[in-house]
Structure formats: C-alpha cells, structure tokens
Amino acid sequence: MDKTLNYAYYPGCSLHASAGEYDLSTRELFNLLGVGLTEVPDWFCCGATPAHNVDELLSLSLCAKNLELAEQVDGDVAVACAACFSRLKFTQHTLLEDETKRRQVEKAIDAPARLDGKVKHLLEILARDIGLERLASAVSKPLSGVKVACYYGCLLTRPPDVPNLDCVEAPTIMERVVEAAGAETVPWSHRMECCGANFTLSRPGVVIQLSNAILDSAKSSGADCVVVACPLCHGNLDMRQKEIEGVYNAEYGLPVFYITQLLAVACGAGAEKSGLGALMVDPFPLLKVKNIL
Amino acid sequence: MSRIGVFVCHCGENISRTVDVERVAAEVGKLPGVALATDYKYMCSDPGQGLLKKAIAEQRLSHVVVAACSPRMHERTFRKAVESAGINPFLCEMANIREHCSWVHDNREEATEKAIEIVGMMVERVKRNRALPAITVPVTKRSLIIGGGIAGIQAALDIADAGHEVVLVEREPSIGGHMAQLSETFPTLDCSQCIMTPRMVDVANHPRITLHSYSEVEHVEGYIGNFQVTIRKKARSVDEKKCTGCGVCIEKCPIRKIPNKFDCNLGMRPAIYIPFPQAVPNTPVIDRESCAMFKSGKCGLCKKVCGPGAVDYEQEDRLIVEPVGAIVVATGFDLYDITEKPKGSQIKGYGEFGHGRIPDVIDGMTFERLASASGPTGGRILRPSDGREPKQIVFIQCVGSRAREKGISYCSKVCCMYTAKQTMLYHHKVHDGQAYVFFMDARTPGKSYDEFWRRSIEEEEAVYIRGMVSRLYQKGDKIVVMGSDIAVGVQVEIEADMVVLATAVQPRSGADILAQKLGISYDKYHFYSEAHAKLRPVECATAGIYLAGACQGPKDIPDTVSQASAAAAKVMTLFAREKLEREPIVARVREAGCVGCFYCRKVCAYGAIEEKEIRDRQGNLIKVVAYVNPGVCGGCGTCQATCPSKSVELDGYTDEQIVAMIEAL
Ligand SMILES: Cc1cc2nc3c(=O)[nH]c(=O)nc-3n(C[C@H](O)[C@H](O)[C@H](O)COP(=O)(O)OP(=O)(O)OC[C@H]3O[C@@H](n4cnc5c(N)ncnc54)[C@H](O)[C@@H]3O)c2cc1C
Ligand code: SF4
Ligand code: SF4
C-alpha cells in the first residue's frame, strides 16, 4: 500500500444508490492501484442541483460542512460524481471570492470554512497524482481494440475558473486516462454537450432528445462504448438507451461504462468487482469479442 | 531678503465658497519675507495675470506664490506670466488650495486654517528655490519608425516629405503589414493592394527613407531629440545591394512545400522566397529552417543560378546604430489565434469552435486571402478541405472580443465592418450561396459605415442572427453551428460548408518586450498606452515617442492613417526647433560629498547617472563621482532618497526645503 497517497473519499448519494457500481469499481480500482481511499465519516448529501436552486446559503453550507468533515481524514478529498465535484468546487470558489457569504456559512456550520483543502475529481487523481505511467503499469488486461467515446458532460470542466480540471472546452484528460489502459479513443463532436441531466424525471422528452444526439454522435464516430464520470449522465445514456432507440428508431447498443469500471477491468478486477452486472446495456459481448473478459 | 508676493485665487466660487480667501491673504501677509498678499476672483484670467505682472513690477517682488488650483492645471500659466515680468519662472510656485482643500472639505473655519498652512508651506519652499536656467538639448532631426504596416508607411512618407530623414524598421521580409493581405476594403470596396502597393513603392524610392526590412530594434538609449537605436538586421542570406529581384532563385529552389504565412498557410512557398509578388523590398530571403543547404549542406542551387551572385549562405546578423530624435511605434496587431494555447493566463481559449481541428473553420484574415485576387485561389472562395465552393457560409462575430469571462473585454472595432464586407464579397463571388452572420451588436460608427452594413443585409442578402454560437462540430462534410437567436428566443442549428470567425484583434506578439526596450507603458492586453486618452492620443508618456495604428488599440485603415499622420505632425513639431528646452527640475550631485558608491545609478529609472572623474591640478585622479546628465534626468528624486551621503538633490525639492515646509506647519 502506498503510504504517501491517501484520499478522503466523498462518494455522494448516487454512489450509495443508483450508481453503486461506480462506488464498487472505484474502491476496487484504488485497491488494485494500492492507493488509500478512506470514506469521509458521517458525510451527507452535498445538496446537488435542488439545494442551490432553492437556497444558495443552504447549498454552500452543506458543502462546507462536508469539507469540514473531510478534514478528519488525511489527504485530499476525492470525488467521483461530477455533480458533487462541481458543488464542492463551487463552494470553495464562492467563499474565497465573497467574504460576506463566507462569514454566513461559517456561522451556519459553526466552524471555519475549508477553502484551501484540495478537492479532486477521480480523473485528476488518476492522471496527475497517480500518474499515467503508474496506471499503465498496473494494467494487466489492456483494452486493446476497444474504441471509446469519452463523454465529459457539462459539469466536469465548467464553468471557467471553477473546477480547473482541464481545458474548459477541449479537455483531453479522460482520453489520456483511457488510453493509458490500452484502449483507443475516438474524436467526436458531443463530448461536452448536455445529456439533459436531472430533467430525466420532470421533462424526459428533453432528455431523450439530447441524449439521443450524444449516442448518435458517439455511434457515428465509430465508438464501441461510451465512458462517463457522472451518475446522471450514466443514467440518461445507459438506462434510457433502449427507450431512445425506440423513439428514434435507431440501434446504438453502446455499453456505457463508468471510467473506474473500465479501468478496474483493465487492471484485472473481473466483472463482478467492477460492477459490470449493473449495466443496462450489456457490456459482455463487447468485452468478450475483444478478448478482455 | 526675499520679497514674496502671494496671490490667493477665488476660482470663481470654487475656493471662496469654502475658504475665506481674504483671511488667508491677511494671515499669509504677516509671514516673514512676504511683501504682498492679495486675493482675486480668477488669477488665471487675463486681468488676473495682469495683476500679477503689475505687482511684480511695482512691488519689486523676488518670488511668487499663487494659491489656487493644482499645479498640473496652471503651473505653466503662472510661470510664463512671471517670466514675462522678468522673474525666473522657477521662483514661482503654486499652493493647491482647491483640490487639496476647498473641494474636499465643508467646514469653512477649518478649511481656511488648512489653506493658510498650505500657503505658508509654499512660502517657505519658494524662499529656498533657485533660479534655474533653462536646459536645452540639441535635436537630431531624423526619426525612427518601428513597423511598416500602413501606419508606419504613412508616418514615414509624411515625415520624409516634410524634408526629414526617416529610418523604417520592419520585422518581416517585406513592408505592408496586414493591409497588404486584405482583399477589398470597407466602406468603399476598393482593392487593398491597389491602394497600398504604390505607397510601398514610394517608401522604397524615397530619397530620405532608409528601409531596414527583416530587422528588429535591439536596444534603445537616450532621450527625446537624442536617441541611439541599435537595429539587428537579420541575415537574409541574400545581399540586398547585389540582388536584382529577377526571381530565378525562387523558381529553381527544390524545397517548395512550405506553408506561406502571408497566405495564412493556404498556399505554399519555396525555401527562398518573397512573401508576395508586390513585396518591398523585392529581395528574396532564405528561410534557414527549411532550406536544404542549411539543413544538410546539400543543394546550393539558388547560389548557382543567381546571376549577380547575391546569394550568400555565410551572411550573419548585423547590428547597426542609428541616431534619431523621435520614434514612432507602429507595430500593429495580430489576430487572436484560438487554435494555439492562448497567451496570457486571463485568456481562456475557444476549444468549442474546433479551429485548427476542423479545416473549414477559418479566421477573417484567411477569408481575406481567399477573396484576394492575388491570393492562393485567385480570388475564388473555396474550402481549404476539398476545394469546393461553400454554399452555406456562417460568419461569427466577436470571437474573443467583448467576452469578459473568456478574458478579453474590449471590442475589436473592425470586425463588424469587415464581416459585412466579407458577406458582400461572398455574395459577389458565390451567387447561389447564402451567408449567415451571428452577432451581438452591429457597431458601425463611421462615415458611410452604417449604410454599408445595411447594404450587406438589404442588397446582398446576408442573414443576420442576433446571438452567439456555443459550439461547432464536424458532421460528415458539414460543420454544424449551434447557436441562439435571442431576438426570437430559439436555439438555431445551421449546417454550414464553411465558418469564418471574426477573432479578436490583439497587439503583436512581443509588443511588451519592445515596450520595455523603449520605456513606454502598455495596458494589460499589451496595447501601448497614450499619454492622455483625449488630449494626447498619439504621444507616449515618454517624451519623443509617438504611437500610430493598431498597436495602440484596434483600428481600421482610416483611423490608422489619421493617427499616423498625427504622429508625423508631432514629430515635425519637434523637428521645427533646433534645440529643445526641457524643465530644469533635475537632480544635481554635490561632488564634495559624493563617495562614489553609485547606489543612485542602480535606482535611476532613466539611466541618467554617469561617472565623472575628479582630478587635481596635476591631472591625478582623486575620485570618481556621480554625475547627473540633465538631458536624461526625469526629475523623479529617487536618487535623492537613496544617496547614503546625502550628496544628490533635486532642485525645488531639497531636504532643506522639505524640512522648512514641515516646520511651517
Ligand atoms: C480580417 C480583417 C479585415 C480587415 N478589413 C479592413 C477593411 O476592409 N477596411 C479597413 O479600413 N480596415 C480593415 N481592417 C483593419 C486593418 O487591417 C488595420 O486597420 C490596419 O492593418 C492597421 O495597420 P497597422 O499598420 O497599424 O498594423 P499592421 O498592418 O499590423 O502592421 C504592423 C507592421 O509592423 C510590423 N511589426 C510588428 N512588430 C514589429 C517589431 N517589433 N519590429 C518591427 N516591425 C514590427 C509588422 O510586421 C507589420 O508589418 C481589417 C482587419 C482584419 C483583421
Ligand atoms: S537573389 Fe539572385 S536570383 Fe534571387 S532574385 Fe536576387 S538576383 Fe535574382
Ligand atoms: S467590432 Fe463588432 S464584431 Fe468586432 S468585437 Fe466589436 S462588436 Fe464584436
């Protein structure tokens, strides 16, 4: 076990519910890479989209409190969900810029706000902290021949100045990580478009239209599968794929992996520990054809 | 014993409303050395100045204090007035009781007390002023112009036509700048080359213009009227004097596939080349990075075929020094290259437009080359990817400009107009094509400009969509433009064959480095700063340096030419005098006290401190002391604050004067 690398893991609610496979594969991947991942004790919901739409102070305070809780664990905060990542980063950014809000939040959480502690998305931990070389050397089942469409969605890099994950409109970080696992990535047009996100419940029609454009673009670029780093994107592209195919009379059949699932498989975790069984679009045919499983 | 006259001004009511001016005069009148203290409604007016002059004569005044507004406003006025009455102008000082007192206080009692103290201080100071002789410096009546775009060309021709010598330095192998690249120009649609090339030829043929092309300013020393400029003439590998411009070398060069920067990389050129057929000078240059001779030592064809033996592979960079009296900076602009990692951390880039990845997404200058009759397509609008004529073309304005969140908040000023122009050129050339323009606003303030813009819509059928574009992507051989139409409130998607981006106008790369060599200031984007936005728009704060064209801010050709002529007029004003008078408020060294540590030289921002040898009568060196060159000294006083032996002092601001002023409080 690498004593120097340890993270305060903030899974977020989705990973304990509909995105259980993201959680499972993240833990397994870090285990295989020998990097410590300690769940933040007593963490709770960051407020996600509803909180900041209803009450900004509530949203900021929920995140600030979670960041404070994370201080109990050694190491930077590791976040898997793109929405949690965005909210936590936004909170730090806002409180750094706005003295008044910072004071209000500190009163609400009854503690100093943690503004300088590093909040990192799994992608940057993989690409920068662990590093592509170390990642590549841990790969035992290279994903050779798999053509991957890396899908960023709206939140991972945006808005400018907040997440600072990579270039805002033309990032490459996910491609680099996927390529380190031996896969091939395709250039495609809809890497950064919105999938409709949480309109999936209130306005499914919108989601179906937007997600269709994404799947259509991925398919026509020659990809075999899509990789995501966000539970909402996953829900829309994977869970709704069949429905979308029905509406648009199309046939995509694109498995949608969480980034950690694909990497865990490449590092030899096997199907079960990578949570592949939870995917709606069956990934096994692809992985079998490519001789990976 | 001094006989000081104090004149307290009411400034209409600006001062007298808050300050009891009569009391000020009465109190100050009691100070030792004050012979007369009086007040008047407008001291700066003609009767006010008359009063001053009369008092000087009648009361035999030796020094004058005018208690009024800021010296920035009227110091010159009053110093001139006392000079005409026979007193050295530096024996007149102003006490600022307006900005420093009446305007910022409302308690009349307290403001009056303060005014008395301010005037009292200046009385103590002026008592200790020295009569300063005017400093004159000779003027070298030659000027340097940096940058040979239309701005530099215009300034050079104006100054040379007025009878003065001009040294024109151009970084590229040819003069012409961007205007040489343009197709037709708004608002009259005349061909850019046709109006530009005759002027380029005039420059080449002018007996008083020395052109250093393919050259850069290396180093600048000196001050207004007396600059020494070191110029690096880069090795061209062709002797300019021997070359006849026959072009045989260019024909024979075997390396032919180098993208031509002048054609925005659309066309190719050989390793020995002139950037475009009308180049001035018409002397080729060898691009040593691509030349086979320089890369592998195998070739030498151009040297073999050159009749006059002009090709010279051994040529080296040369440094030459040119003495000049004035400098015009005309280095122009670059277009914001959104394909590269943008320069400057505040500039965020435009990955969403795929410029550089999608071949048929081009910038405005590339469109100019396509539309130019002498361009790589002979003036036909063709897609770089497959050479087909685009039937649907989308223009996007304000790419990079006016986007605070992306790092540039200013308007690039020329793109609204050139986009309108480009839609017209497109319509003239592709009759069955359709042009769309995404825009935020149409900014057309200029003579005949709005009419021109309207014409692009009403007669040339361009469809203007008010809104911005969020993304461009390739779909098959089309480019999908995803944008919004905010007038209707809908999202729009257009499948285009070609997209033209009106990318922001930025200062030339390296503009900051040149500014540091020249000692002139620039803004956060690196546009050069004028001395005063309204009243001194073509002068730099550094005396003797002037600005012309887009290096000072985005500008179209009419504005550029006007500013260049204005800069030329400023240079000619300077050259109208044989000698220059400058303010004699400079530092002086007390040689007896100076220990020669030269700390002052380290801190002097103007480079005014020189070494002076002190010798005895036999000529033996006793010591080396500091000497302030009065022509260079900026009068900032930094040396005075630094000198550990208190041996350098600024006239008018000596320690003695400052102590006396403090004691007067
Ligand atoms: C796409 C496009 C279309 C346009 N169309 C029109 C139009 O139709 N009508 C119109 O009125 N205006 C038009 N303009 C604006 C026009 O191009 C400018 O007004 C004009 O070129 C400005 O001239 P300039 O001499 O200031 O700068 P430039 O043309 O940029 O010239 C600057 C010169 O200085 C040289 N230089 C730079 N740095 C140095 C250095 N350190 N040392 C020595 N030399 C140096 C450069 O090589 C260059 O030759 C257009 C602009 C664009 C971008
Ligand atoms: S270098 Fe020689 S061959 Fe080339 S243009 Fe000049 S004279 Fe002609
Ligand atoms: S000139 Fe027009 S297009 Fe260019 S930045 Fe200004 S408003 Fe935008």
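Along each chain, the written sequence defines residue order, and numbers are assigned to residues from 1. As they are written, the chains are lettered A onward and the ligands numbered 1 onward, keeping that order. Where totals are concerned, whole chains, interfaces and linings use all residues; where local detail is concerned, this predicted model gives features only for residues with pLDDT of at least 70, and gives and counts side-chain atom pairs only at 80 or more. Where side-chain values are given, they derive from all heavy atoms of the structure, hydrogens and water being excluded.

**Some points on the packing of aromatic side chains**
Residues and elements named next belong to chain B. Going by this rule: Only rings of Phe, Tyr and Trp enter the pairing, Trp through its six-membered ring, and a pair is recorded when the two centres are within 6.5 Å. The plane angle decides the type: under 30 degrees is stacked, over 60 is edge-to-face, the rest tilted. Helix and strand definitions follow DSSP, with helices as H or I runs of at least four residues and strands as E runs of at least two, each counted in order from the N terminus. Exposure classes here rest on a 1.4 Å probe applied to the protein chains alone. A residue is buried below 20% of its type maximum, exposed above 50%, and partly exposed in between. Look at NZ for Lys and CZ for Arg. If either is within 6 Å of the ring centre and within 35 degrees of the ring normal, a charge sits over the ring.
Under the definition given, this model contains 15 aromatic pairs over all chains. With a centroid separation of 6.5 Å and 50° between ring planes, the pair formed by Phe-439 and Trp-453 is classed as tilted. Here Phe-439 is found in strand β22 (residues 434–439), whereas its partner Trp-453 is found in helix α12 (residues 449–458), with 14 residues between them in sequence. In this structure Trp-453 comes out as buried when scored by relative accessible area, which is 12%. Ring-pair connections join several aromatic residues into one group, and the members of that group are Tyr-336, Tyr-350 and Phe-353. Between Arg-269 and the ring centre of Tyr-273, over which it is positioned, the NZ or CZ distance is 3.8 Å. One Lys or Arg, Lys-406, reaches over the ring of Tyr-350 and ends 4.4 Å from the middle of that ring.

**Comments concerning the environment of Leu-514 of chain B**
Residues and elements named next belong to chain B. Note the cut-off: Any pair of residues with heavy atoms lying within 4.5 Å of one another is described as a contacting pair.
Tracing the backbone through its elements, the reader meets Leu-514 in helix α13 (residues 511–518). By relative accessible area, Leu-514 is classed as buried at 10%. Considered as a pair, Leu-514 and Ile-465 are 49 residues apart in the sequence and their alpha carbons are 41 Å apart. With sequence-adjacent residues up to four places away left out, Leu-514 is seen in contact with Ile-146, Val-217, Val-329, Thr-331 and Tyr-528.

**As for the site of ligand 3**
Residues and elements named next belong to chain B. Test applied: Proximity is defined per residue: any heavy atom of the residue falling within 4 Å of a molecule or strand makes that residue near it. Here the term charged refers only to Asp, Glu, Lys and Arg, the term nonpolar to Ala, Val, Leu, Ile, Met, Phe, Trp, Tyr, Cys and Pro, and the term polar to all other amino acids, Gly among them.
Close to ligand 3 lie Gln-397, Cys-398, Ser-401, Arg-402, Cys-411, Ser-412, Lys-413, Val-414, Cys-415, Cys-416 and Arg-443, which account for all nearby residues. At the level of secondary structure, the elements contributing two or more residues to the shell around ligand 3 comprise β21 (392–399) and α11 (415–429). Here the residues of the shell around ligand 3 are counted per class, giving five nonpolar, three polar and three charged.

**What to know about the sheet that holds strand β3 (residues 63–68) of chain B**
All names here are of chain B. What counts is decided by this rule: Between any two strands, pairing holds if DSSP finds at least two bridges. For helices, the fitted line uses only the C-alpha atoms of the stretch in contact; every axis is such a line through C-alpha atoms, and the angle between N-to-C directions lies from 0 to 180 degrees.
Strands sit in the order β2-β1-β3-β4 across an open sheet of four strands; the sheet is parallel. Lying at the two open borders of the sheet, with one neighbouring strand each, are β2 (34–40) and β4 (92–96). Mean inter-strand twist for the sheet, computed between neighbouring axes without regard to direction, equals 15°. Where β3 lies against β4, five bridges are found, and the strand directions are parallel. Counterpart to Ala-67 in the pairing with β4 is Ala-95. Against the sheet, helix α4 (residues 108–127) engages β1 (4–9), β2, β3 and β4, with an angle of about 160° to β4.

**What to know about the domain arrangement of chain B**
All names here are of chain B. Note the following rule: Delimitation of the domains relies on an automatic or database domain assignment. Put simply, buried area is how much 1.4 Å-probe accessible surface two parts lose in total, over both of them, once they are put together. A pair is scored as a salt bridge if a Lys or Arg side-chain nitrogen falls within 4 Å of a carboxyl oxygen belonging to Asp or Glu. We define a polar contact as two N or O atoms separated by no more than 3.5 Å, with the added condition that, inside protein, one atom must be a possible hydrogen donor and the other a possible acceptor, whereas residues neighbouring each other in sequence contribute only through side-chain atom pairs.
Splitting chain B by domain gives domain 1 (4–127), domain 2 (142–332 + 511–575), domain 3 (335–506) and domain 4 (587–663). Contacts between the two partners involve four residues from domain 1 and, on the opposite side, five residues from domain 4. Of the roughly 470 Å² buried where domain 1 meets domain 4, counting both sides, 59% is carbon and sulfur surface. Sorting the residues of domain 1 by area buried against domain 4 places Met-121, Glu-124 and Arg-125 first, and these three jointly supply 95% of that buried surface. Between the two partners, domain 1 and domain 4, sit zero salt bridges. Counting the contacts that link domain 1 with domain 4 gives three residue pairs in polar contact (both at pLDDT 80 or more). Classifying every residue of the side of domain 1 that touches domain 4 gives two nonpolar, no polar and two charged.

**Here we look at the interface of chain A and chain B**
Each partner contributes residues to the interface: chain A has nine residues there, and chain B has eight residues. Between chain A and chain B lies a buried interface of about 750 Å² when both sides are counted; carbon and sulfur atoms form 55% of it. When the buried surface of chain A facing chain B is broken down by residue, Glu-169, Ser-189 and Glu-193 of chain A rank first, second and third, together holding 51% of it. Scanning the region where chain A abuts chain B turns up two salt bridges. For the salt bridge of Glu-193 of chain A with Arg-471 of chain B, the shortest nitrogen-to-oxygen distance reads 2.4 Å. Our count for the contact surface shared by chain A and chain B stands at two residue pairs in polar contact (both at pLDDT 80 or more).

**Observations regarding the sheet that holds strand β6 (residues 184–185) of chain A**
Residue and element names in this part refer to chain A. One open sheet holds the four strands; their spatial order is β6-β5-β7-β8, and the pairing between them is parallel. In this open sheet, the two strands that pair with only one neighbour each are β6 and β8 (256–258). Across three bridges, strand β7 (residues 225–228) lies against β8 in parallel orientation. Bridge pairing links Val-226 to Val-256 in β8. Across the face of the sheet, helix α7 (residues 173–180) comes into contact with β5 (147–150), β6 and β7 while running at roughly 155° to β5.

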